[in-house]
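Inside the fold
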Amino acid sequence: MFSIIYPYRNRDIQRVKNSLESLQLQTNKDFEVYFVNYGSNKNYTNQIENLLKDFNFINYSYSYTEKQPWNKSK
């Protein structure tokens, strides 16, 4: 098994949906996705949380980052 870390912050929801659907269609299903929301605004956070409900291989976490610089390595 391998893990994929998917950092996210205020990105186009359709692009995220397309990439997750691509993962869902893989023939090798021996993976998990850690989807980390690095402080998206409420509108994006609500949309992304609703989208992620459709993908059972995702482990979701939200990292509070208000007034902090964007940093994927946090």
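Refer to the structure printed above.
Residues numbered from 1 in each chain as written. Predicted model: local features only at pLDDT ≥ 70, side-chain atom pairs only at ≥ 80, totals over all residues. Heavy atoms only, no water.

Considering all chains together, one arrives at 6 aromatic pairs under this definition. Taken together, a centroid distance of 6.0 Å and an interplanar angle of 35 degrees make the contact between F2 and F31 tilted. With F2 in strand β1 (residues 2-8) and F31 in strand β2 (residues 31-37), the pair connects residues that are 29 residues apart, well separated along the chain. Summarising the aromatic geometry, the rings of F55 and F57 are spaced 5.9 Å apart at their centres and angled 65 degrees between planes, so their arrangement reads as edge-to-face. For F55, a relative accessible area of 6% puts it in the buried group. Owing to a relative accessible area of 14%, F57 belongs among the buried residues under this scheme. Every member of this aromatic cluster is reached through a ring pair, and the members are F2, F31, F55 and F57. (Phe/Tyr/Trp six-rings, centres within 6.5 Å; stacked < 30°, edge-to-face > 60°. Helix = DSSP H or I, 4+ residues; strand = E, 2+ residues; numbered from the N terminus. Buried < 20%, exposed > 50% of the residue type's maximum accessible area, 1.4 Å probe, protein only.)

Spatially, β1-β2-β3 is the arrangement adopted by the 3 strands of the open sheet, whose pairing is parallel. Single-partner strands in this sheet number two, and they are β1 and β3 (58-62). Direction aside, neighbouring strands of the sheet carry axes that sit 20 degrees apart on average. Alignment of β1 against β2, held across 7 bridges, turns out to be parallel. Within β2, the residue paired with S3 across the bridge is E32. Sheet strands in contact with helix α1 (residues 13-24) are β1, β2 and β3, and its direction is about 175 degrees off that of β1. Across the face of the sheet, helix α2 (residues 42-52) comes into contact with β1, β2 and β3 while running at roughly 160 degrees to β3. (Pairing = 2+ DSSP bridges. Axes fitted to C-alpha atoms, helices over the stretch in contact; angles between N-to-C directions. Contact = heavy atoms within 4.5 Å.)

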